[in-house]
Amino acid sequence: MTVQELPGAVAYRPTPPPAWKPRTDPAPLLPDPEPYRVLGTDAAAGTDPELLLKLYAQLVRGRRYNVQATALTKQGRLAVYPSSTGQEASEVAAALALEERDWLFPSYRDTLAAVARGLDPVQALTLLRGDWHTGYDPHEHRIAPLSTPLATQLPHAVGLAHAARLKGDDVVALAMVGDGGTSEGDFHEALNFAAVWQAPVVFLVQNNGFAISVPLAKQTAAPSLAHKAVGYGMPGRLVDGNDAAAMHEVLSDAVDRARRGGGPTLIEAVTYRIDAHTNADDATRYRGDAEVEAWRAHDPIRLLERELTQRGLLDDEARESVAASAETMAADLRERMNAEPVLQPMDLFEHVYAEQTSQLREQAAQLRAELDAEGEAR
């Protein structure tokens, strides 16, 4: 017996009831078919020269920071470092698009974004050194702790943004994640809540081609990661992640939109991870040199340098001055990271709970006894 043959059953309708209608027109939410660009296009002429020079200085500084941090891993001063070499435009633009009162929610690869926002480079590397879970006060700097679990920082960003709006605070949260993080449930939950609540949050996905060794094509069949925004009812933007001017424009627009009550935006920055996933990874196992070299030709520093030079905004003297400033930063970072840290084992139990649990008190007492016994034995 079919459903239609059941007593009292209504005739089957092949379409939804008349009351059904789309909640949102999907057309305005769709990303551009190609990544948005500014550098090398007519739009570049209208970009503020002062902004371009600021972006350039931060890119050069960021590249030197990445190189120095990578060297520190080889010297045993860092346990691990996930380099963002090649992705500096996305990192720097994310930091510069925010106001001081806004919040940045970085992933483990986004130490450069935190440094570009003003965080001490040594404090940004404390987690990766293994000294503390985070080496800075998140509230003071408006930077959430670097998130090593994939995408768990995204729901936190939504919660903070939603709470700020309920309180009437003029605050926007910018949450950063890699393409690998979009395969986590936290990513989808965060986007859904953000859109339903119209929370003032911006999601920045740095699509650098690989989730460790897994290429994007083996993670998703979507036309782009930016297209995923449409399913949640928010705009998706597809941007050339190596174009610092384009990244800054799109991120600034999204932050401004969120601040004005327009709700969240999902931005996909198409970029590339020039270095390995971390210093512990051998990237030659899953990609060829030709692919890497093709992306080196699309280097974010080279793209911006070409634009500045053509417009007469950057000469050899200015270039050397920027490089010297970056070298000074690297030397200071190297010197301070080479100093042996003074660690307090009892700090393990600080900042875990406002009031320690019985288990923590028991563990703390055990460690204290061991430390006292070790001191007496010396």
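For every chain, the first residue of the written sequence is number 1, and numbering continues from 1 onward in sequence order. Only residues with pLDDT of at least 70 get local features here, since the model is predicted, and only at 80 or more are side-chain atom pairs given and counted; chain-wide, interface and lining totals rely on the full set of residues. To obtain the side-chain values, all non-hydrogen atoms of the structure were used and water was disregarded.

1. Digging into the packing of aromatic side chains
Now for step 1: Stacked, tilted and edge-to-face are the three classes applied to pairs of Phe, Tyr and Trp rings, where Trp contributes its six-membered ring and a pair requires centres within 6.5 Å; stacked means planes under 30 degrees apart, edge-to-face means over 60, and tilted covers the rest. Following the criterion strictly, the structure yields 6 aromatic pairs and no others.
Now for step 2: Each ring, one from Trp103 and one from Phe105, has its centre 6.1 Å from the other, and the planes form 35°; the classification is tilted.
Now for step 3: Look at Phe193 and Trp197: their rings are 4.9 Å apart centre to centre, the planes differ by 40°, and that puts the pair in the tilted class. Of the two residues, Phe193 and Trp197 are both situated in helix H8 (residues 185-197); the distance of 4 residues between them amounts to about one turn of the helix.
Now for step 4: Overall, the relative accessible area of 42% leaves Phe193 in the partly exposed class.
Now for step 5: Directly above the aromatic system of Tyr36 lies the positively charged group of Arg237, at a separation of 5.7 Å from the ring centroid. Helix numbers and strand numbers start at the N terminus; a helix is a DSSP run of H or I with at least 4 residues, a strand a run of E with at least 2. In this scheme, a residue with accessible area under 20% of its type's maximum is buried, one over 50% is exposed, and one in between is partly exposed, where area comes from a 1.4 Å probe on protein chains only. By definition here, charges over rings are those cases where NZ of Lys or CZ of Arg is within 6 Å of the ring centre and within 35 degrees of the ring normal.

2. Description of the pairing of strand E6 (residues 236-240)
Now for step 1: Of all 5 residues in E6, 4 are buried; the element is thus mostly enclosed.
Now for step 2: The pairing of E6 with strand E7 (residues 265-270) spans 5 bridges and is classified as parallel. Directly across from Leu238, in E7, lies its bridge partner Glu268.
Now for step 3: Crossover E6 to E7 through helix H9 (residues 244-259) is right-handed. Between any two strands, at least two bridges found by DSSP are needed for them to pair. Crossover handedness is defined by viewing with both strands directed away from the observer: a clockwise path from the first strand over the helix to the second marks the crossover as right-handed.

3. Description of the sheet that holds E7
Now for step 1: Strands sit in the order E1-E2-E3-E7-E6 across an open sheet of 5 strands; the sheet is parallel. With partners counted over all chains shown, the strands left at the sheet margins are strand E1 (103-105) and E6, one partner each. For this sheet, the mean angle separating the axes of adjacent strands, direction not counted, is 20°.
Now for step 2: When strand E2 (residues 173-178) meets strand E3 (residues 201-207), the two strands line up parallel, connected through 6 bridges. Residue pairing across strands places Val177 opposite Val205, the latter belonging to E3.
Now for step 3: Contact criterion: two residues are considered in contact whenever any of their non-hydrogen atoms come within 4.5 Å of each other. To define axes, lines are fitted to C-alpha atoms, for helices over the stretch in contact only, and angles between the resulting N-to-C directions are given on a 0 to 180 degree scale. Packed onto the sheet, helix H7 (residues 153-167) meets E1, E2 and E3 and runs at close to 170° relative to E2.
Now for step 4: Relative to the sheet, H8 contacts E3 and E7, its axis offset from that of E3 by approximately 150°.

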